[in-house]
Amino acid sequence: TGMTFGVEIEITGISHHAAGVAVAKGLGVEPGYDATHVRDAAGREWKVVNDCSISPPGCEIVTPPLTTADMELLQNVIRALRTAGAKVNDSCGIHVHVGSGHLPAAALSRLARTVYRYEWVIEQMLRPLQARRDRYCRPVDPNMVESLARQGNSIGADSLNRAWYQSRHVTTYISRYDHSRYSGLNLNSHFYRGTVEARWFNATLHAGLIRAYVMFCLHLVATAADAKRASAVRFTFNTSNAKYASHL
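Draft legend 1. Highlighting the overall build of the chain. Counting its secondary structure elements, the chain contains 10 helices and 7 strands. Over its C-alpha atoms the chain spans a radius of gyration of 18 Å, differing by no more than 12% from the 18 Å that the globule rule assigns to 248 residues. Structurally, the chain occupies a C-alpha span of about 55 × 45 × 35 Å along its principal axes. Sequence separation of at least 24 residues holds for 70% of the intrachain contacts in the chain that already meet a minimum separation of 6. Of the accessible surface of the chain, which amounts to about 12100 Å², a share of 52% is contributed by carbon and sulfur atoms. Side-chain charges in the chain split into 27 positive and 20 negative, and the spacing between the mean points of these groups amounts to 5 Å.

Structure follows, in structure tokens:
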């Protein structure tokens, strides 16, 4: 598809060094002196970093920008981490980033409106833990969606910024840790690093499930990019069955 993605995988149960060694094994390379920074065969850096929200011993695996051609490589890394003794618990999560620097503001506006419209289905399918939803992946702000809907596809980058940050209009200095990032759909990441971030996912070391998370995010962004319009009205479902509703 040409789209890029990255994944942040939070784990516990093993040290930073052991996690780095496992990443290197999954990549089929030697870990080197500093096992927390591993380069794959293509020269891309995979990092093992601190995250104070994870129960110790805990760390986060941060992939470089990848494409769907790298999916097997990502899954090999996940399997190697699990084999090395890595575990997940309620303090862990998974964040998926999709490259968005090339997308016009109108596409990102459609993405936000699409997520808002189908948020119930997304949350029922993924079932983020309530504590995680309340703190780290809050629902899309309806005030932002209303602002986006008024401007439609004529919206520009400056107006998208104003809608996301509301009256603050952050342009001079965009912080990675801006409080607006704690949304299921995080556009602060777009303004900070040129990716949109999805934060709904509970932690897992199931390689197939993580692949499904990534493909879901890629499809969501691609759909918004290709669409001509997007509704900002919450969809009313005549069923409580999320699996059925997701196919409507």
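Draft legend 2. View of the packing of helix α2 (residues 71-83) against helix α9 (residues 207-226). At a closest axis distance of 9 Å, the pairing of α2 and α9 adopts a crossing angle of 140 degrees. By the angle class used here, α2 and α9 are oblique. Judged by the twist between their axes, the crossing of α2 over α9 is right-handed. Side by side, α2 and α9 meet where Met71, Leu74, Gln75, Ile78, Arg79 and Arg82 of the first sit next to Ala207, Gly208, Ile210, Arg211, Val214 and Met215 of the second. Residues that form the contact of α2 with α9 fall into these classes: 7 nonpolar, 2 polar and 3 charged.

Draft legend 3. Summary view of the packing of helix α3 (residues 105-117) against α9. As a packed pair, α3 and α9 sit with axes 8 Å apart at the nearest point and diverge in direction by 120 degrees. In terms of their interaxial angle, α3 and α9 are classed as oblique. Along this stretch, α3 crosses α9, giving a crossing that reads as right-handed. Contacts from Ala107, Arg110, Leu111, Thr114 and Val115 in α3 reach Leu220, Val221, Ala224 and Ala225 in α9.

Draft legend 4. Highlighting the packing of aromatic side chains. According to the stated counting rule, one finds 6 aromatic pairs in the structure shown. On the numbers, 5.5 Å between centres and 45 degrees between planes, the contact of Tyr165 with Phe191 is tilted. Placement of Tyr165 in helix α7 (residues 157-165) and of Phe191 in helix α8 (residues 188-193) is noted, with a sequence separation of 26 residues between them. The residues Tyr165 and Phe191 share a single accessibility class, namely buried. One aromatic cluster is present, built from ring pairs that chain together Trp200, Phe201, Tyr213 and Phe216. Lying over the aromatic face of Tyr116, Arg234 brings its terminal NZ or CZ to 4.0 Å of the ring centre.

Draft legend 5. Region of interest: the pairing of strand β4 (residues 58-62). A large share of β4 lies buried, amounting to 4 of its 5 residues. In terms of strand pairing, strand β1 (residues 5-12) meets β4 through 5 bridges, oriented antiparallel. Within the sheet, the bridge partner assigned to Thr12 lies in β4 and is Gly58. With 3 bridges joining them, strand β3 (residues 45-49) and β4 adopt antiparallel strand pairing. Bridged to Val49 within β4 is Glu60.

Draft legend 6. Seen up close, the sheet that holds strand β2 (residues 37-39). Pairing in this open sheet of 7 strands is antiparallel, and the strands run β2-β3-β4-β1-β5-β7-β6 from one edge to the other. Edge positions in the sheet fall to β2 and β6 (185-186), since each has one partner strand and no second.

The rules behind these values
Residues numbered from 1 in each chain as written. Predicted model: local features only at pLDDT ≥ 70, side-chain atom pairs only at ≥ 80, totals over all residues. Heavy atoms only, no water. Helix = DSSP H or I, 4+ residues; strand = E, 2+ residues; numbered from the N terminus. Rg over C-alpha atoms; globule rule 2.2 N^0.38 Å. Contact = heavy atoms within 4.5 Å. Areas by Shrake-Rupley, 256 points an atom, 1.4 Å probe, with all protein chains shown as cover. Lys, Arg positive; Asp, Glu negative; His and termini not counted. Charge placed at Lys NZ, Arg CZ, Asp CG, Glu CD. Axes fitted to C-alpha atoms, helices over the stretch in contact; angles between N-to-C directions. Parallel < 35°, antiparallel > 145°, perpendicular 65-115°, else oblique. Left-handed = near helix turned anticlockwise from the far one by under 90°. Nonpolar A, V, L, I, M, F, W, Y, C, P; charged D, E, K, R; others polar. Phe/Tyr/Trp six-rings, centres within 6.5 Å; stacked < 30°, edge-to-face > 60°. Buried < 20%, exposed > 50% of the residue type's maximum accessible area, 1.4 Å probe, protein only. Lys NZ or Arg CZ within 6 Å of the ring centre and 35° of its normal. Pairing = 2+ DSSP bridges.

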